[in-house]
Amino acid sequence: MAVDSSISSPLGPPACEKDAKALRFIEEMTRNADAVQERVLAEILTRNTETEYLKRFELGGAADRETFKSKIPVITYEDVQPEIQRIANGDRSAILSAHPISEFLTSSGTSAGERKLMPTIKEELDRRQLLYSLLMPVMNL
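Residues numbered from 1 in each chain as written. Predicted model: local features only at pLDDT ≥ 70, side-chain atom pairs only at ≥ 80, totals over all residues. Heavy atoms only, no water.

1. Here we look at the overall build of the chain
Looking only at helices and strands, the chain has 6 helices and 2 strands in total. Listing each helix as α and each strand as β along the chain from the N terminus yields α-α-α-α-α-β-β-α. Viewed in the frame of its principal axes, the chain has a C-alpha envelope of about 55 × 35 × 25 Å. When burial is assessed residue by residue, the chain has 23% of its 141 residues classed as buried. Within the chain, contacts between residues at least 6 apart in sequence are counted, and of these 37% link residues at least 24 apart. Summed over all atoms, the accessible surface of the chain reaches about 9,700 Å², with 57% contributed by carbon and sulfur. Counting 18 positive and 22 negative side-chain charges, the chain places the averaged centre of each group 2 Å from the other. (Helix = DSSP H or I, 4+ residues; strand = E, 2+ residues; numbered from the N terminus. Buried < 20%, exposed > 50% of the residue type's maximum accessible area, 1.4 Å probe, protein only. Contact = heavy atoms within 4.5 Å. Areas by Shrake-Rupley, 256 points an atom, 1.4 Å probe, with all protein chains shown as cover. Lys, Arg positive; Asp, Glu negative; His and termini not counted. Charge placed at Lys NZ, Arg CZ, Asp CG, Glu CD.)

Here it is as structure tokens:
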């Protein structure tokens, strides 16, 4: 049975209240994507201001988008591979993240015959679980 919802879709209303709640969350996050992205960047920069990596760029505590764009270069995996390898070898200092690395993901493809390691923190696992939980409400439309 469909649920009345303020979420309008050409595909019809959400299948249940749980789906309606998830769809409202998606709408809220995407309606203000620029502001959400700016806030998330500021949170990441503030949390990681004392990491070895960010200290190199002398941000002076700034956590805004313009400072980030002007001081931190676009990089490749190879640019941070030495730091990632240090973490993989057991270095627990705040190299790339102020939070402890909880797991390593590996890329599905290879570069020069090796998969890329991607260090992640528990917060990232939580974020992936949230994203997966939002798939079914959209697919149920």
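2. Here we look at the nonpolar core
Of all hydrophobic cores here, the largest spans 11 residues; its members are L41, L45, Y53, L54, F57, L59, A63, I72, Y77, V80 and I84. Mapped by element, the contributors of at least two residues to this core are α2 (33-47), α3 (52-55) and α5 (77-88). Of all the elements, α5 adds the most residues to this core, at 3 residues. With residues near it in sequence (within four places) discarded, Y53 still touches I72, I75, V80, I95 and L96. (Core = buried A, V, L, I, M, F, W, Y, C linked by side-chain atoms within 4.5 Å.)

3. Points about helix α6 (residues 122-139)
Given 3.6 residues to a turn, an α-helix orients residues that are three or four positions apart in the same direction. Its 18 residues give α6 an end-to-end C-alpha distance of 27 Å, which sits within 8% of 26 Å, the value for a rise of 1.5 Å per residue. Looking at α6, one finds that the buried residues are R128, L134 and P137. Packing partners of the buried residues in α6 comprise α1 (17-31), β1 (103-106) and β2 (117-120). (Expected span 1.5 Å × (residues − 1).)

4. What to know about the environment of L54
Structurally, L54 is set in helix α3. Residue classification places L54 among the buried residues on the basis of a relative accessible area of 10%. Separated by 41 residues in the primary sequence, L54 and I95 have C-alpha atoms spaced 8.7 Å apart. Not counting residues up to four positions away in its chain, the partners in contact with L54 are L45, N48, T49, L59 and I72.

Shape descriptors only; they carry no functional weight alone.
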